[in-house]
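Chains, contacts and geometry: an overview
Take a look at the letters that make up each chain.
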Amino acid sequence: MASFKRLTPALGAEVQGLDLAKPLSTTEQAQLSEALVEHQVLFLRNQVLEPTQQRDLALRFGDLHIHPIYPKTPQAPEVLILDNYETDVTDNAIWHTDVTFIQTPPAICVLSAKLVPEVGGDTLWSSAFAAWEGLSPRLQTLLEGLTATHDFVHSFPQDRYGNTPETHEQWLIARDKNPPVTHPVVRTHPVNGRKALFVNENFTTKINELPRLESQALLRFLFEHVGRPEFTVRWHWQPNDLVLWDNRSTQHYATNDYGKAHRVMQRATVLGDKPV
């Protein structure tokens, strides 16, 4: 039976007693799913998974997203590779929620640490529940009912990801398949009914119901608000750490403080529902 040690008041728990390289029992699956909604981020040490095992674990939670830009593992195209020696990953050093540029943003992400720097390279997660609940009632009233535009190109511009003959065609296809979408500024979690702030600096470009300058000013405040320390948990990676997070109720920030050290992570991404 797994045990869960809470790490901060806002979110995060370290899990012991599970080997996720092995198939989950029905009881373990239910326990993990419930803990994920409650704690929002789950951390496990010493989880040695091949890409196919990571894919199969993620598939227990739903259908998987295949990223249009990032490279994939040869064994499982559903598992993307975040390798700072091969790909520009600097936009991960911004508070963001993954893949909100699609109509049904991910529900859950499963990240495995393959190679980590000796020092630095930590990742932080923020509770979008806590960020919402930390706003004043008057600002909450303003935000409820507003919508925002999320744009693939905002985080994956052509000059960084489609600037060679080899990548240009891939970028054009990705852009055309992922036009801007609209999501509520505040979403309701489909499992527990809690409200969460749902704008992020990587993909949210404007609040649709406000003039441009008001939208920019309010988004800047909300982007900074999400990163308040009391809403966050910080994880120092070791090789073969595995982290699962609820992408519907969190944002995360991969600290870019390790210079030219090599860092390689692999992620499987579970599709979610349309935010409401």
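One structure accompanies this document, and this report is about it. (Residues numbered from 1 in each chain as written. Predicted model: local features only at pLDDT ≥ 70, side-chain atom pairs only at ≥ 80, totals over all residues. Heavy atoms only, no water.)

1. With respect to the pairing of strand β6 (residues 123–127)
Where a strand is regular, its side chains alternate between the two sheet faces. Quick reminder of the rule: Remark: exposure states derive from per-residue accessible area (1.4 Å probe, protein chains only) relative to the maximum for the residue type, with buried under 20%, exposed over 50%, and partly exposed in between. Each helix is a run of DSSP H or I of at least 4 residues and each strand a run of E of at least 2, with the numbering of both proceeding from the N terminus. At least two DSSP bridges between two strands are needed for those strands to be called paired.
The buried fraction of β6 is high, at five of five residues. Burial along β6 is two-sided: T123, W125 and S127 facing one way and L124 and S126 facing the other are all buried. Taken together, the four bridges between β6 and strand β12 (residues 232–235) define a ladder with antiparallel strand orientation. Looking at β12, one finds that S126 is bridged to T232. Where β6 and strand β14 (residues 250–254) come together, five bridges link them in antiparallel fashion. Pairing of L124 across the sheet is with Y253, part of β14.

2. Side note on the sheet that holds β6
This is how the line gets drawn: Angles shown run from 0 to 180 degrees and are taken between the N-to-C directions of axes, each axis being a line fitted to C-alpha atoms and, for helices, limited to the stretch in contact.
Spatially, the three strands line up as an open sheet ordered β12-β6-β14, and their pairing is antiparallel. For this open sheet the edge positions go to β12 and β14, each flanked by a neighbour on one side alone. Between one strand and the next, the sheet's axes are offset by a mean angle of 20°, whatever the strand orientation.

3. Overview of the nonpolar core
In a soluble, globular protein the nonpolar side chains are often hidden away together inside. Here is the rule we go by: What is meant by a nonpolar core is a set of buried Ala, Val, Leu, Ile, Met, Phe, Trp, Tyr and Cys residues, joined one to another through side-chain atoms within 4.5 Å.
Counting residues in each nonpolar core, the largest one holds 50 residues, and the members touching the most others are W125, L143, V185, L197 and W237. Counting residues per element, this core draws most heavily on helix α8 (residues 212–226), which supplies five residues. Judged by nonpolar contacts, the second largest core, of 25 residues, contains L36, L44, L49 and L57.

4. Some thoughts on the side chain of S155
Selection criterion: Here, two residues are considered to be in contact whenever any of their heavy atoms come within 4.5 Å of each other.
Mapped onto the elements of the fold, S155 is located in helix α5 (residues 152–155). Setting aside anything within four residues of it in sequence, one finds S155 in contact with D91, R160, Y161, N202 and F203.

5. As for the environment of P9
Take P9: it is sitting in the loop between β1 (3–6) and β2 (13–16). Note on P9: relative accessible area 81%, which makes it exposed. As for P9 and L242, which are separated by 233 residues in sequence, their C-alpha atoms are 21 Å apart.

6. Side note on the packing of aromatic side chains
Which entries qualify depends on this criterion: Each aromatic pair joins two rings of Phe, Tyr and Trp (for Trp, the six-membered one) with centres within 6.5 Å, and gets the label stacked for planes under 30 degrees apart, edge-to-face for over 60, and tilted for any other angle.
Counting across every chain of the model gives twelve aromatic pairs. By the ring-pair criterion, three or more aromatic residues cluster together here, those being Y70, F101, F152, F156, Y161 and F203.

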